[in-house]
Amino acid sequence: MTEAANPAHMLDRSATRALSMSTIAFTVCFAVWTIFSIIGVRIKDDLGLSDTQFGLLVGMPILTGSLVRMLLGIWTDRLGGRLVYTITMLAAALATFLLTFATTYSQMLIAALGVGLAGGSFAVGVAYVSRFYPASRQGTALGIFGVGNVGAAATKFIAPFVLIAWGWQSAAMIWSGVLAIIAVVFWFMTEDDPVIRHRRKAGGGQARSFLAEFKPLKDVRVWRFSLYYFFAFGAFVALALWLPRYLIGVYGFNIATAGIIGAAYSIPASIFRAYGGILSDRIGARTVLYWTFAVSAVCCAILSIPAADYTVHGIKGPIAFHMTVEPVAFVAVAFVLGFCMSLGKAAVYKHIPVYYPNNVGAVGGLVGMIGGLGGFVLPIVFGALNDLTGIWSNCFMLLFALAGVCLAWMHVAIRRMERSTMSSNSALAQPAE
């Protein structure tokens, strides 16, 4: 049977191509989106910035990438991911190129806002890819797409050496060039999703008004998913940006070593996201989230232990103790934390096409926006806590509290839904008794 006579086979090929190209594009977008985690360290030294100013600088692209996600997701639902994805990448590439001409802190902040457009690509990719797959396979597909988070690790591996060899301006210029090339390749290698093709073939306009796209946002469950993603994704981005600075300050590593070690956290938090999607399809996203928040809380509790010296008044005199999380232990626990976050990110987005199949762009965009805002707010809070208290491990104390809140709210909500279901079943069974 030829391909022309086998539409299902052709659809599978289109879906595979859309998923693979979207994942590659998102990887490059994420590498650009987190570039300040490396070049920001050099800019901080050049401009003499405080930790709070540094946190604002590295968080500024995250702010833009977060705020535009919901709007980009809606436009993807209406215009199609192929067009919106390509335009977003080209705009981010231009902004990253213009960054190389910035010389003052204010100019850096403005340029960083433009660089952040690369982060908005996530909402576009989710809405675009999900339309090629049935509900039973969307968790796996979106998990594979989310592997693009590994772009943060690529930046940490490669950017330090480019920065040392040629300067931070060259790193930004190379990253912008690669993104522009990927945008062009994406346009020619992909096609419109089935919904857009059907809409164009039927000759109909938009099925609903622009304001109707926002209707599901009234559901409190959407905001609960957003909090989950604030931790699973927002905290991941925040740590991806903050860890090089943390490792340099706490353990005295140089920027190249800090970048490589920071990647040990970013890689599992990216690659295993695909496995999180598979697990969510097999055992349920709810179970995956329970494990995510519980184990993450334990990891954050360990990493929040500050280096300290204790003196115990013993029988024969003072006994001194020194407590610290050694570098090897830190990397190991960070690896586990990144792994758990990767599972959680996939589990959150497994819920969205199931509960809101006709509003994936709007709901996915809002959840992605709130999660991305975590990546913007948390580095600033980390820097402020450093300036206010002088304790490096405060960032993990904050994340421990956040994981605990997510776990508690999810458990309470699930118990409430179970009680509601039991009451409904009892009411239906009553007439038969």
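Every chain begins its residue count from 1, and numbering advances along the sequence as written. Only residues with pLDDT of at least 70 are given local features in this predicted model, and only at 80 or more are side-chain atom pairs given and counted; all residues enter the totals for whole chains, interfaces and linings. To get the side-chain values, take all heavy atoms of the structure and skip hydrogens and water.

### Some thoughts on the packing of helix H12 (residues 220–251) against helix H13 (residues 255–266)
Phase 1: Direction vectors running N to C along H12 and H13 enclose 150°, while the axes themselves pass 8 Å from each other. When the interaxial angle is binned, H12 and H13 end up roughly antiparallel. With respect to the hand of their crossing, H12 and H13 are arranged in right-handed fashion. From H12, Ala 235, Phe 236, Leu 239, Ala 240, Leu 243, Pro 244, Leu 247 and Ile 248 reach across to H13, where they touch Ile 255, Ala 258, Ile 261, Gly 262, Tyr 265 and Ser 266.
Phase 2: When residue character is reported, Ala, Val, Leu, Ile, Met, Phe, Trp, Tyr, Cys and Pro are called nonpolar, Asp, Glu, Lys and Arg charged, and the others, Gly included, polar. The class makeup of the residues in the contact of H12 with H13 is twelve nonpolar, two polar and no charged. Helix axes are fitted to C-alpha atoms over the stretch in contact, other axes to C-alpha atoms as well, and angles between N-to-C directions run from 0 to 180 degrees. By the criteria applied, helices consist of DSSP H or I runs no shorter than four residues and strands consist of E runs no shorter than two, each listed in order from the N terminus. In this scheme, roughly parallel covers angles under 35 degrees and roughly antiparallel covers those over 145, while 65 to 115 is roughly perpendicular and the rest are oblique. Note on convention: near helix rotated counterclockwise from far helix by under a right angle means a left-handed crossing. Clockwise means right-handed. In this analysis, two residues are considered to be in contact whenever any of their non-hydrogen atoms come within 4.5 Å of each other.

### Examining a nonpolar patch on the surface
Phase 1: A surface patch of nonpolar side chains, about 680 Å² in accessible area, is lined by Val 298, Ile 302, Ile 305, Tyr 310, Val 312, Ile 319, Phe 321 and Met 323.
Phase 2: When residues of the nonpolar patch are traced back to their parent elements, those giving at least two are helix H16 (285–303), strand E1 (308–314) and strand E2 (317–323).
Phase 3: In this structure, Ile 302 sits in helix H16. Patch definition: residues with relative accessible area over 30% and no salt bridge; like charges joined within 9 Å; nonpolar side chains (Val, Leu, Ile, Met, Phe, Trp, Tyr) joined within 5 Å. In short, Shrake-Rupley with a 1.4 Å probe defines the accessible areas, and a residue's cover is counted only from the protein chains shown. Take a side-chain nitrogen of Lys or Arg and a carboxyl oxygen of Asp or Glu: if they are within 4 Å of each other, that pair is a salt bridge.

### Overview of the side chain of Thr 86
Phase 1: Mapped onto the secondary structure, Thr 86 falls in helix H5 (residues 81–99).
Phase 2: Throughout, exposure labels follow a simple rule: accessible area from a 1.4 Å probe, protein chains only, divided by the maximum for the residue type, with under 20% read as buried, over 50% as exposed, and the rest as partly exposed. Note on Thr 86: relative accessible area 8%, which makes it buried.
Phase 3: Apart from the residues within four sequence positions on either side, Thr 86 is in contact with Ala 183, Phe 186 and Trp 187.

### Quick word on helix H9 (residues 151–166)
An α-helical segment advances 3.6 residues per turn. Residues three or four places apart therefore align on the same side.
Phase 1: Its 16 residues place the ends of H9 21 Å apart at the C-alpha level, agreeing with the 22 Å of an ideal helix rising 1.5 Å per residue.
Phase 2: The largest bend in H9 comes to about 35°, at Ile 158, with the proline Pro 160 one to four residues further on.
Phase 3: All of the buried residues in H9 are Gly 151, Ala 152, Ala 153, Thr 155, Lys 156, Ala 159, Pro 160, Val 162 and Leu 163.
Phase 4: Directly beyond the C-terminal end of H9, a positive phi value near 100° is found at Gly 167. One less than the residue count of a helix, multiplied by 1.5 Å, gives the span that helix is expected to have. In this scheme, the bend at a residue equals the angle between the axes fitted to the seven residues that finish there and the seven that begin there.

### Some remarks on the packing of H16 against helix H17 (residues 327–355)
Phase 1: At a minimum axis separation of 8 Å, H16 and H17 run at an interaxial angle of 155°. The angle between H16 and H17 places the two elements in the roughly antiparallel class. For H16 against H17, the interelement crossing comes out left-handed. In this structure, H16 uses Ala 285, Arg 286, Val 288, Leu 289, Thr 292, Val 295, Ser 296, Cys 299, Cys 300, Ile 302 and Leu 303 to contact H17, whose residues at the interface are Phe 330, Val 333, Val 336, Leu 337, Cys 340, Leu 343, Gly 344, Ala 347, Val 348, Lys 350 and His 351.
Phase 2: Residue classes in the contact of H16 with H17 are distributed as 16 nonpolar, four polar and two charged.

### Section: the pairing of E1
Phase 1: Any two strands are treated as partners once DSSP identifies two or more bridges connecting them. Sheet topology note: the E1/E2 ladder contains seven bridges and is antiparallel. Across the sheet, His 313 pairs through a bridge with Pro 318, a residue of E2.
Phase 2: Adjacent in sequence and paired antiparallel, E1 and E2 are bridged by two residues.

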